[in-house]
Amino acid sequence: MNTKSDGIFPKRQYLPVFRGAALVCAAAAAGALLTGCGQDTGGEATRSGAAEAARIAAASSSPPADASHLTEDQRERKALVPRAKTGYEHALHAATAAVAKSEPVSVELKGTPDSPRWEAEVATDDGTAHTVSVDAAGGKAGEARAKHEDDDDKRELADLLKKATVTAEQAARTATDKTKGTVTAVELDDTDGGTPKWSVDVVTTDDWNKTTYDIDATNRKILGEHVDRD
């Protein structure tokens, strides 16, 4: 039942070790200087110096991705994701509003930077599914289109919806609690054992990588995490 395609993720770029070490040493010296000048305030200067050292060290260890080293998929995300002015939550709400008594099945950011859109799928409790395209710039939903599936597929989907007690939004929050970024896709599927799961894609804007989390749709447990660095 997967409807999403995987992206391609390159290896991260890191600063040379000697540069990072120099920055950390400079930060440590700054911290020591603040400590020495702050005898009248007790430990406050010491804490300030340590905080500044930690800030500089953290900044040196997480440089932004060099645009010249981005893969094609990363460049596409960098161009498309910022153009989506409405998030996945709005798209799911608009899609379920377009189909009476329906529940979310999936949503994915697609299109071009000039015409970004969310492609959402919702279904009623009998497994009848509809797709709805939502303008990612303005938030307007298009007309719902029924999917033509056989009875077995409908029963399978109805069963997943019944078993899934975790919502799409809850699964997305579980993913972004682990990786801060923009949710670009959420999809209901099942594991090899038949347990319902949500697959959530999160794009990080410092390197434009996409991390996919598989989350148990009955208890929010993270079943897997994948970042493709090819």
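Residues numbered from 1 in each chain as written. Predicted model: local features only at pLDDT ≥ 70, side-chain atom pairs only at ≥ 80, totals over all residues. Heavy atoms only, no water.

J.: Describe the side chain of T204, with residues and values.
T.: Along the polypeptide, T204 turns up in the loop between β6 (196-203) and β7 (210-216). Judged by relative accessible area, T204 falls into the buried class, the value being 10%. (Helix = DSSP H or I, 4+ residues; strand = E, 2+ residues; numbered from the N terminus. Buried < 20%, exposed > 50% of the residue type's maximum accessible area, 1.4 Å probe, protein only.)

J.: Lay out the sheet that holds strand β3 (residues 129-135) in plain terms, naming residues and giving numbers.
T.: Read across the open sheet, the eight strands follow the order β4-β3-β2-β1-β5-β6-β7-β8; overall the sheet is antiparallel. Each having just a single partner strand, β4 (145-146) and β8 (222-227) make up the two edges of the open sheet. Bridge analysis of strand β2 (residues 115-123) against β3 gives seven bridges, and the strand direction is antiparallel. Of the residues in β3, the one forming a bridge with V122 is H130. (Pairing = 2+ DSSP bridges.)

J.: Mind laying out the nonpolar core, listing which residues take part and the relevant values?
T.: Generally speaking, soluble globular proteins have nonpolar side chains that are buried together. One finds Y88, V107, W118, V186, W198 and V200 to be the most contacted residues of the largest nonpolar core, which totals 41 residues. Counting residues per element, this core draws most heavily on helix α4 (residues 88-98), which supplies five residues. The contacts of Y88, once residues within four sequence positions are left out, are V107, W118, E169, A172, V183 and V186. (Core = buried A, V, L, I, M, F, W, Y, C linked by side-chain atoms within 4.5 Å. Contact = heavy atoms within 4.5 Å.)

J.: Describe the environment of G194, with residues and values.
T.: The residue G194 is located in the loop between β5 (182-190) and β6 in this model. You can call G194 partly exposed: its relative accessible area is 25%. Residues G194 and E156, 38 residues apart in the sequence, show an inter-C-alpha distance of 10.0 Å.

J.: Residue-level account of unusual backbone geometry, with values.
T.: The phi torsion at K101 lies on the positive side, around 55 degrees, for a residue other than glycine. Among the structural elements, K101 can be located in the loop between α4 and β1 (103-112). For K101, a relative accessible area of 80% translates into the label exposed.

J.: Provide a residue-level description of the pairing of β1, including the pertinent values.
T.: Relative to β2, β1 runs antiparallel, the two sharing nine bridges. The partner of P104 across the bridge, within β2, is V122. Remark: two residues form the turn of the hairpin made by β1 and β2, two consecutive strands paired antiparallel. Where β1 meets β5, three bridges bridge the pair, whose relative direction is antiparallel. Within the sheet, the bridge partner assigned to V107 lies in β5 and is V186.

J.: Outline the environment of P104, supporting the account with residue identities and numerical values.
T.: Secondary-structure assignment places P104 in strand β1. By relative accessible area, P104 is classed as partly exposed at 23%. Considering only alpha carbons, one finds P104 and E121, 17 residues apart in sequence, at a separation of 6.4 Å. What P104 contacts, discounting residues up to four positions off in sequence, is L92, T96, E121, V122, L161 and W198.

J.: Give a description of the pattern of salt bridges that names residues and reports values.
T.: For the coordinates displayed, the defined rule picks out nine salt bridges. Across the salt bridge formed by E119 and R145, the nearest N and O atoms sit 3.9 Å from each other. Taken as a pair, E119 in strand β2 and R145 in strand β4 lie far apart in primary sequence, 26 residues in all. If you follow the salt bridges from partner to partner, you end up with R117, E119 and R145 in one network. (Salt bridge = Lys/Arg side-chain N within 4 Å of Asp/Glu carboxyl O.)

J.: Let's hear about the packing of α4 against helix α6 (residues 168-178): which residues, and what values?
T.: Running from N to C, α4 and α6 cross one another at 170 degrees; their axes reach a closest spacing of 11 Å. Relative to α6, the element α4 is oriented roughly antiparallel. In contact with Y88, E89 and L92 of α4, α6 contributes A168, E169 and A172. Grouping the constituent residues of the contact of α4 with α6 by class yields four nonpolar, no polar and two charged. (Axes fitted to C-alpha atoms, helices over the stretch in contact; angles between N-to-C directions. Parallel < 35°, antiparallel > 145°, perpendicular 65-115°, else oblique. Nonpolar A, V, L, I, M, F, W, Y, C, P; charged D, E, K, R; others polar.)

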